[in-house]
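# An overview of the molecular structure
Residue-level listing of the chains:
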There are 2 protein chains.
Amino acid sequence: MIQLDDLDRAILRLLKEDARLTISEIAEKLDRPESTIHFRIKKLLEKGAIDHYTILLGEDLRPKKTALVVLQAETPIIEDFLERYVNHIMRTLSMISNVLWVAKSGKDTVIALIGGEDDESLTEFIEENIRTLPTLKSVYVYKIDEIKKGEDLIGFLSNV
Amino acid sequence: MIQLDDLDRAILRLLKEDARLTISEIAEKLDRPESTIHFRIKKLLEKGAIDHYTILLGEDLRPKKTALVVLQAETPIIEDFLERYVNHIMRTLSMISNVLWVAKSGKDTVIALIGGEDDESLTEFIEENIRTLPTLKSVYVYKIDEIKKGEDLIGFLSNV
């Protein structure tokens with residue numbers, strides 16, 4: 001388990017906000033010597049506290065509208081087939097570029113975050129590409145109307 | 001609307017994977033002159049194609065287990081109160097550090113991604129802190145057992 005102190009956490013928080021901050025900018029913000037900051041960041045990378053540096057895509061490159069869909073696979077007569085059904089649904093969804101996130105819950109449920117340009121095209125996409133997947137028992141669609149925490153998630157998950 | 005060509009997209013994809021790549025590393029990978037890459041990145045920033053640079057937290061700093069909860073607020077006798085109920089639920093959840101993401105769907109539904117150290121503590125947290133929220137009509141809990149696409153999402157949303 002990685003042990004972090006307050007200074008480590010403060011550095012990580014600053015880098016989360018802006019990973020292009022220089023050592024001297026961080027040093028100034030946190031009122032510590034540059035050598036300390038340099039050493040701490042080196043350690044944070046070595047310890048794996050920082051996985052990697054990345055960029056967030058700007059708003060224009062993010063889908064304007066998103067929906068979370070909860071898909072339940074039907075239980076096949078031969079129960080062993082359920083895993084195949086679910087894996088097939090997950091694989092199919094993962095290959096679609098405006099499907100941003102795909103996860104499995106329990107034995108028979110797949111959850112996906114879908115992006116679209118507007119409400120209409122998102123609905124159309126779900127009707128045509130999600131509801132038509134074979135072996136589905138139920139589909140719940142939760143249109144996302146407002147994000148209160150973690151809004152940048154969409155910029156992180158968007159593809160170019 | 002931002003117009004991107006293939007080179008822009010290739011640069012953005014490389015930076016998503018590793019935003020610490022230098023101009024000359026990118027130039028080499030894409031077999032283009034450094035001056036071109038330099039110019040393009042400058043333009044991508046100016047156009048807002050890149051929102052900002054950030055870090056992903058390493059695995060040790062991410063919750064080991066996550067669950068998506070779908071909360072439906074009960075309809076109050078005075079209908080105008082519904083928005084207050086929903087806003088209160090969202091505000092309360094947003095303040096909790098292991099609540100990673102909070103969104104609203106429709107008029108009465110709140111969706112949240114919750115993190116925990118293990119299955120047991122996650123269940124306990126949900127029982128004690130989510131199900132006990134007043135004004136809830138229903139709570140669905142979807143434990144996330146496998147992420148097929150967008151796994152790094154958790155590292156992005158985690159707090160320190």
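Structure shown above.
Okay, so let's go over this structure. Computed from a predicted structure; not experimentally measured.

Here we come to the packing of aromatic side chains. Considering all chains together, one arrives at one aromatic pair over all chains under this definition. The interplanar angle of 5° and the centroid separation of 4.5 Å between the aromatic rings of Phe156(A) and Phe156(B) together place this pair among those described as stacked. Here Phe156(A) is found in helix H6 (residues 153–157), whereas its partner Phe156(B) is found in helix H6 (residues 153–157) on a different chain. Of the two residues examined, Phe156(A) and Phe156(B), each falls in the buried class. The ring of Phe81(A) carries the charged tip of Arg84(A) above its face, separated from the ring centre by 4.5 Å.

Our next topic: the interface of chain A and chain B. Opposite the 62 residues of chain A that make contact, chain B presents 62 residues. Across the chain A to chain B interface the summed buried area is about 5,800 Å²; carbon plus sulfur atoms make up 62%. On the surface where chain A and chain B come into contact, there are two salt bridges. Between Asp51(A) and Arg62(B) there is a salt bridge whose closest N-O contact spans 3.7 Å. Counting every contact that joins chain A to chain B gives 37 residue pairs in polar contact (both at pLDDT 80 or more).

Scoring rules and cut-offs
Residues numbered from 1 in each chain as written. Chains lettered and ligands numbered in written order. Predicted model: local features only at pLDDT ≥ 70, side-chain atom pairs only at ≥ 80, totals over all residues. Heavy atoms only, no water. Phe/Tyr/Trp six-rings, centres within 6.5 Å; stacked < 30°, edge-to-face > 60°. Helix = DSSP H or I, 4+ residues; strand = E, 2+ residues; numbered from the N terminus. Buried < 20%, exposed > 50% of the residue type's maximum accessible area, 1.4 Å probe, protein only. Lys NZ or Arg CZ within 6 Å of the ring centre and 35° of its normal. Contact = heavy atoms within 4.5 Å. Buried area = accessible area lost by both parts, 1.4 Å probe. Salt bridge = Lys/Arg side-chain N within 4 Å of Asp/Glu carboxyl O. Polar contact = N/O pair within 3.5 Å; in protein donor to acceptor, adjacent residues only side chain to side chain.

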